[in-house]
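Next come the chains, spelled out residue by residue.
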Amino acid sequence: MPVNPWLKEKLKGLHSPPTIEVIAELADPALLGRLRAIPGAIVGKGAFNMVRLTVPPGLVAQIGAMPGVTVHYNAPVGIRSPLRLPAPPSILDPLMGEFKLSSIVIPYSPQQMAASFGPRLGVGIVTFPFRMASQLFGLRSPLGAIKEPGIIIQPTGEVLSLLELPEDNVVQNVKVAVLDTGLTPLHPQLGPLKGFLTLGTFAGPVPFDGLGHGQFVVTEAFGGEAWTRFGLCKGAADVRGGNIGSWKVMNDLGFGDTFAIVQGIEAATKWGAKLINLSLGGELQGSVDDDPLCRVIKTIKDEVIVVCAAGNDG
């Protein structure tokens with residue numbers, strides 16, 4: 001499979017952009033030197049046995065003809081976005097055309113995180129003290145959940161029961177990682193017991209979440225107990241002691257690319273994660289045997305549990 005069959009098919013209908021980004025999968029690290037010697041190929045960063053290349057489309061077949069090299073596309077990926085816009089956010093990809101996100105509603109938006117309790121109490125200035133008090137002394141918001149049309153609120157206790165999880169599901173000695181839009185530590189469900197959170201980024205200069213989706217994924221999976229606008233929320237497992245890692249692999253609109261996720265998986269495994277969450281998706285590049293993300297996951301599947309979204313393309 002010198003050139004991913006999916007990529008080969010996509011290139012047939014391409015209206016010749018000057019360059020495209022591809023991912024070269026190398027059977028031998030020594031092949032990197034040969035890639036650098038190809039005129040017109042710009043070699044970028046590497047992760048696992050893969051390297052990002054910027055090339056004219058006409059070079060793809062030449063690179064794929066090199067023994068030990070398989071060429072994939074650095075395809076766009078995305079999430080369901082919490083942004084409330086007249087139309088879903090989209091980008092235009094040279095091979096795939098319009099790549100569009102759909103929307104979700106999450107318990108906290110970035111704007112609400114800074115004043116998550118204040119508006120409900122009517123006293124914005126006591127937001128942070130109340131949040132800290134809720135963590136330390138178990139205080140609860142007096143006004144309960146805010147209902148919105150079209151939203152089904154599933155109580156935390158019912159969710160834990162459906163998943164057959166114990167109410168007190170505390171994990172202290174296993175590292176878990178989320179690859180998403182980042183994480184901002186100031187959050188009611190990320191209190192002192194969580195310890196120091198490991199943060200990294202492959203999608204921008206800082207690892208913080210400017211969208212809210214990464215924050216939502218971390219807290220619904222691993223967050224402590226706190227009140228949100230949907231009532232009392234609690235993660236499926238209360239992970240403590242500095243064992244949560246977050247790598248920002250998508251920007252603050254909810255878009256990313258395949259290679260950033262490969263980099264994130266590599267960083268999380270080197271950190272020691274035994275569970276990695278990927279709540280994101282994009283078009284599958286051929287079969288599960290061909291797709292570059294699937295190929296990376298296969299290399300770590302005996303050491304790491306990788307939980308992937310089933311609802312997005314791919």
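Residues numbered from 1 in each chain as written. Predicted model: local features only at pLDDT ≥ 70, side-chain atom pairs only at ≥ 80, totals over all residues. Heavy atoms only, no water.

Q: Break down the nonpolar core for me, with residues and values.
A: Residues Ala177, Leu179, Ile261, Ile265, Ile276 and Leu278 are the most contacted members of the largest nonpolar core, which totals 29 residues. Those elements that place two or more of their residues in this core are strand 9 (176–180), helix 9 (258–271), strand 16 (275–278) and helix 10 (292–300). It is helix 9 that provides the largest number of residues to this core, a total of eight residues. Beyond its immediate chain neighbours, meaning those up to four positions away, isoleucine 261 contacts Val77, Leu179, Val249, Leu278, Leu280 and Leu293. Formed by 28 residues, the second largest nonpolar core is a distinct cluster that contains Leu31, Val51, Leu95 and Phe99. (Core = buried A, V, L, I, M, F, W, Y, C linked by side-chain atoms within 4.5 Å. Buried < 20%, exposed > 50% of the residue type's maximum accessible area, 1.4 Å probe, protein only. Helix = DSSP H or I, 4+ residues; strand = E, 2+ residues; numbered from the N terminus. Contact = heavy atoms within 4.5 Å.)

Q: Could you give an account of helix 8 (residues 213–222), with specific residues and numbers?
A: Extensive coverage of helix 8 is indicated by the burial of eight of its 10 residues. Looking only at helix 8, the buried set comprises His213, Gly214, Gln215, Val217, Val218, Thr219, Ala221 and Phe222.

Q: Summarise the pattern of salt bridges; cite the residues concerned and give the values.
A: Once the charged atoms of two side chains with opposite charge are near each other, the side chains can pair. All told, the structure shown has nine salt bridges when counted by the stated rule. The residue aspartate 252 makes a salt bridge to lysine 248 at a minimum N-O spacing of 2.6 Å. The class for aspartate 252 is partly exposed, based on a relative accessible area of 35%. Of the residues examined, lysine 248 reaches a relative accessible area of 3% and is grouped as buried. Salt bridges sharing common partners tie together Lys194, Asp238 and Arg240. (Salt bridge = Lys/Arg side-chain N within 4 Å of Asp/Glu carboxyl O.)

Q: So what about the sheet that holds strand 4 (residues 69–73)? Which residues, and what values?
A: Across the sheet, four strands lie side by side as 2-3-1-4; this open sheet has antiparallel pairing. Taken across any chain shown, the strands that pair with only one partner, and hence form the sheet edges, are strand 2 (42–47) and strand 4. Ignoring strand direction, the axes of neighbouring strands in this sheet form an average angle of 30°. Bridge analysis of strand 1 (residues 20–26) against strand 4 gives five bridges, and the strand direction is antiparallel. Within strand 4, the position partnered with glutamate 25 by the bridge is threonine 70. (Pairing = 2+ DSSP bridges. Axes fitted to C-alpha atoms, helices over the stretch in contact; angles between N-to-C directions.)

Q: Can you break down the pairing of strand 16 residue by residue, with the values?
A: Remember that side chains alternate between the two faces of the sheet whenever the strand is regular. One ladder, built from four bridges, connects strand 9 with strand 16; its direction is parallel. Bridging from a neighbouring strand, alanine 177 pairs with isoleucine 276 of strand 16. As paired strands, strand 16 and strand 17 (residues 305–308) are joined by four bridges and run parallel to one another. Following the sheet pairing, asparagine 277 is matched in strand 17 by valine 307. In this fold, strand 16 hands off to helix 10, which returns the chain to strand 17; that crossover is right-handed. (Right-handed = clockwise from strand over helix to strand, strands pointing away.)

Q: Outline the environment of asparagine 169, supporting the account with residue identities and numerical values.
A: Here asparagine 169 shows up in the loop between helix 7 (156–162) and strand 8 (170–171). Here the alpha-carbon distance between asparagine 169 and glycine 235, two residues 66 residues apart in the chain, equals 9.0 Å. Other than its neighbours up to four places away in sequence, asparagine 169 contacts Ala236, Ala237 and Asp238.

Q: Summarise the state of the cysteines; cite the residues concerned and give the values.
A: On inspection of all chains with the given rule, the structure shows zero disulfides. Lacking any disulfide linkage, cysteine 294 is separated from the closest cysteine sulfur, that of cysteine 308, by 7.4 Å. (Disulfide = S-S within 2.5 Å.)

Q: Describe the side chain of aspartate 238, listing the residues and the values that go with them.
A: By the element assignment, aspartate 238 lies in strand 13 (residues 238–239). By relative accessible area, aspartate 238 is classed as buried at 13%. Within polar-contact distance, the side chain of aspartate 238 engages the side chain of lysine 194 at 2.5 Å. At 3.0 Å, the side chain of aspartate 238 forms a polar contact with the side chain of arginine 240. (Polar contact = N/O pair within 3.5 Å; in protein donor to acceptor, adjacent residues only side chain to side chain.)

Q: Tell me about the side chain of asparagine 74, and please be specific about residues and values.
A: On the secondary structure map, asparagine 74 appears in the loop between strand 4 and strand 5 (76–78). Engagement of the side chain of asparagine 74 in a polar contact is seen with the side chain of glutamate 21, the distance being 2.6 Å. Among the polar contacts listed, one links the side chain of asparagine 74 to the backbone nitrogen of threonine 258, at a separation of 3.3 Å. Asparagine 74 has contacts with Glu21, Val22, Ile23, Arg52, Asp257, Thr258 and Phe259, leaving out every residue within four places of it along the chain.

Interpretation in functional terms is not warranted from these geometric data alone.
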